[in-house]
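Summary of structural features
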Amino acid sequence: MTAIAADSRSVELAISGMTCASCAARIEKKLNKLDGVTATVNFATEKASVSFPAAVSPEDLISVVERTGYTAALPVPPAQEAGPAPEPDEMAGLRQRLLVSLVLALPVVVLAMAPALQFRNWQWLSLALAAPVAVWGAWPFHRAALVNARHRAATMDTLVSVGVTAAFAWSLYALFFTAAGMPGMRMSFTLLAEHAGTAGIYLDAAAGVTVLILLGRYFEVRAKRRSGAALRALAALGAKDAAVFRDGRETRVPVEQLAVGDLFVVRPGESIAADGVVESGSSAVDTSMLTGEPVPAEVTAGDQVTGGCVNASGRLVVRATRVGASTELARITRLVEDAQNGKAPVQRLADRVSAVFVPVVIVIALATLAAWLAAGQGPGAAFTAAVAVLIIACPCAMGLATPTAILVGTGRGAQLGILIKGPQVLESTRTIDTIVLDKTGTVTSGQMALAEVVPAPGEDSDEILRLAGAAEDPSGHPIAAAIAVGARRRLGAELPDAEEFSSYHGLGITAAIGGHAVAVGRAAWLETEWAQRVPAELAARAAQAEAAGQTAVFAGWDGRTRGVLVVADTVKPTSAEAITRLRGMGLRPVLLTGDNERAARAVASTVGIDEVIAGVLPAGKAAAVKELQAAGRVVVMAGDGVNDAAALAQADLGLAMGTGTDAAIEAADLTLVRGDLRAVPDAILLSRRTLATIKGNLFWAFAYNAAAVPLAALGFLSPLIAGAAMAFSSVFVVTNSLRLRRFQPAVAAGGRRYRRRDRLKRDGGDGRLEAIWHGGRTEPAGG
């Protein structure tokens, strides 16, 4: 890893004018020649991520890019962006150039391919139609080739420009100085160079190749825009304004003016303007845009909400806690951008090849021309083979192979709540064989909850819940809170008020409720202090619960123990299913916890884990991971707490649950925004598929050139067919990467297989989210 000075700054430049990977390689090389500068240029995203010392200014970086023959600009501040981005001029200009060239070139190609249509002096009509295409239509390639030539460089545009110019120039020579210009000349179309005549003209190649490459460039640009659509959609989720309470009045202000501590209103259908805490109101909030989870989350006063999520039903008043660049949505967007601008190790080979590929191809084309002439095949055949070599050898596919797959894969991951920190993470997922899971907060919910109420013979469990919950309600202890919350949920009603409440540290509590003297606490304390004998049945059930790592609390009143309440850190309902899927992927699960062996084994057996490392202190978690690595295992660690940060950094692949702490998220390579453990196999599978797509793209790009260049040099391809094949190669690579947009997590909440089509329809300010399930059930966000 390159060391960066403490005073180093970073900037992201938008680069214009790149047409292939060799362009990106040249810009990167020039920027890295500056003292203290570390730059990475991404052809697919058309951005350069640059770290530079204080002695270098952003203007110096832009100047270097411009001297290399391209243009660069600093990013536009978010405050200056307004509304949806219009279609860039590049697309509109390219479309116009393509359509005009297509209309002019089509008759030229048809006349060349169909001798029966060749009327007297047809070749001069072809020249009139082909000349604008070869000059104006191909001007972007000629211009780029001239700029590159001034800088003693060559790119894909050089190959295209030289090929088109050579075909057009040869045709002019043949028309004016050979029999090709004579009235009544006929020419037959051939795919093989050896059949090309000395009097042939190549206007069809000059015009047809230009149109085919413009067509490929158009589809390539459009596909690249589609591949970045996920990130643009993520960035567009944030609200543009907010209704803020100021001076006792509700005022709508731009979201940039929102400050920490401001109270703002979120009405049904609106996006939440910033991260905050609900002060009043209750609603269902759609969090799928950030978590990928289609089930809305119910929130009420005191609950946290995240900016960018959509309020589905009720009116909320929220106090802002994080605004602007500090929000969760902004952090996620930055993580995805960093991942997309980085380079995977497998891309380095493609970059090195692309940097030297064009000069090598020019040498091969000249050698082809000389070899055919030396073999006595004639200048027409030699020229045809040489031009075909120039046209077909395009390094574009190699340059697009890796960044487009990363662009689509990381963007799709962001939609599903899976954040991949960098391209190098993809390589790690290929070799992992062991997954270490933190227990609390990862496999379990991390919060105490009422698991069971066991009444003594003849007692009513609802009455036990009502009185014990009311007695525990004033206490701030986690166990007491779990009992009170569980009582409210199960009874579906408010609890009675407790009077004369008293707490006995480590033993229990007492309170007067509805004329009853209620005591809740340890069995021995009830028996010795309150003379309440504990029935044998309750004592046995309490012992059983404690053996499973749970906590048992006894409740009694009026001189008798009435029941036992079991409280536990409950296993997440989806954890067992996630473990099954991880095993199916060839991973060995290991449960790692600081809890005691008995409690850890109970949780492990519930979810299907055989290997347990228990009683580990926070400082020892990293050591436990290191021991597994020393045994030859390649480890992925999943955790959520501060005490997991060192282990996440030590593991070959760190995976943080997004419901956890900032320290854990910072130390991890992958972050899951939702707390569902099933997102872990989803994240690994998406990473592996992205890596497989990259390798498939690179194989196609290398194999295409390895096979196509010799075929062209041997005369088996005409320039026209070579142009079509070259354009297809780039479009194929980008389209193959776009298949990652269809990646779906295996299951939805509750275990149902589903496909999501999440889109926010803004009709008159109303926002609705549709979750479309297999089986035909459609649920609007407010339903």
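Now for a description of the structure that goes with this document. Within every chain, residues take consecutive numbers counted from 1 along the sequence as written. Per-residue local features of the predicted model are confined to residues with pLDDT of at least 70, and side-chain atom pairs are confined, for both listing and counting, to 80 or more; whole-chain, interface and lining totals are unaffected and use all residues. Here the side-chain values reflect all heavy atoms present in the structure, with hydrogen atoms and water set aside.

1. Notes on the overall build of the chain
- The helix and strand tally for the chain stands at 26 helices and 29 strands.
- Taking all 783 residues of the chain together, the buried fraction comes to 53%.
- The contact rule is simple, with two residues in contact once any of their heavy atoms fall within 4.5 Å. Within the chain, contacts between residues at least 6 apart in sequence are counted, and of these 69% link residues at least 24 apart.
- Put simply, the chain shows about 33,300 Å² of open surface, and 58% of that area lies on carbon and sulfur atoms. Numbering of helices and strands runs from the N terminus; a helix is a DSSP stretch of H or I covering at least four residues, while a strand is a stretch of E covering at least two. Each residue is assigned to one of three classes by its accessible area relative to the maximum for its type, calculated with a 1.4 Å probe on protein chains only: buried under 20%, partly exposed between the two thresholds, exposed over 50%. Where accessible areas are quoted, they stem from the Shrake-Rupley method and a 1.4 Å probe; at the residue level, only the protein chains shown are allowed to cover.

2. Describing the sheet that holds strand E8 (residues 275–280)
- In short, DSSP must find at least two bridges between two strands for them to pair. Across the sheet, 6 strands lie side by side as E6-E5-E7-E13-E8-E11; this open sheet has antiparallel pairing. Looking along the sheet, the strands with just one partner apiece sit at the ends: strand E6 (249–254) and strand E11 (304–305).
- Relative to E11, E8 runs antiparallel, the two being bridged by 2 bridges. From the neighbouring strand, Val277 faces E11, where its bridge partner is Gln304.

3. Structural notes on a positive patch on the surface
- There is a patch of like positive charges on the surface, built from Lys29, Lys30, Lys33 and Arg67.
- Turning to its location among the elements, Lys29 is positioned in helix H1 (residues 21–32). Exposure above 30% relative accessible area and the lack of any salt bridge qualify a residue for a patch; like charges then connect within 9 Å, and the nonpolar side chains Val, Leu, Ile, Met, Phe, Trp and Tyr within 5 Å. The rule for a salt bridge is simple: a side-chain nitrogen of Lys or Arg has to be within 4 Å of a carboxyl oxygen of Asp or Glu. Counted as positive: Lys and Arg. Counted as negative: Asp and Glu. His and the chain ends are not counted at all. Every charge is mapped onto a representative atom, which is NZ of Lys, CZ of Arg, CG of Asp or CD of Glu.

4. Notes on the environment of Ser687
- Take Ser687: it is sitting in helix H25 (residues 679–713).
- By relative accessible area, which is 0% here, Ser687 ends up buried.
- Taking the C-alpha atoms as reference points, Ser687 and Ser428, 259 residues apart in sequence, are found 9.0 Å from one another.
- If we ignore the near neighbours within four places in the chain, the residues touching Ser687 are Ile420, Leu426, Thr429 and Leu670.

5. Points about the pairing of strand E5 (residues 241–246)
- The sheet contact formed by E5 and E6 spans 6 bridges and is antiparallel. Looking across to E6, one finds that Ala243 is bridged to Arg252.
- Pairing between E5 and strand E7 (residues 263–266): 2 bridges, direction antiparallel. Its bridge partner being in E7, Ala243 is matched across the sheet by Val265.

6. Some words on the pattern of salt bridges
- Within the structure shown, the criterion is met by 19 salt bridges.
- Between Lys621 and Asp438 there is a salt bridge; the shortest N-O distance is 2.8 Å. Here Lys621, found in helix H22 (residues 618–630), pairs with Asp438, found in strand E15 (residues 434–438); they are 183 residues apart in sequence, far enough to count as distant. No difference in accessibility class separates Lys621 from Asp438, as the two residues are buried.
- Two residues, Arg633 and Glu611, come together in a salt bridge whose shortest N-O distance is 3.1 Å. Placement of Arg633 in the loop between H22 and strand E24 (635–639) and of Glu611 in strand E23 (residues 611–613) is noted, with a sequence separation of 22 residues between them.

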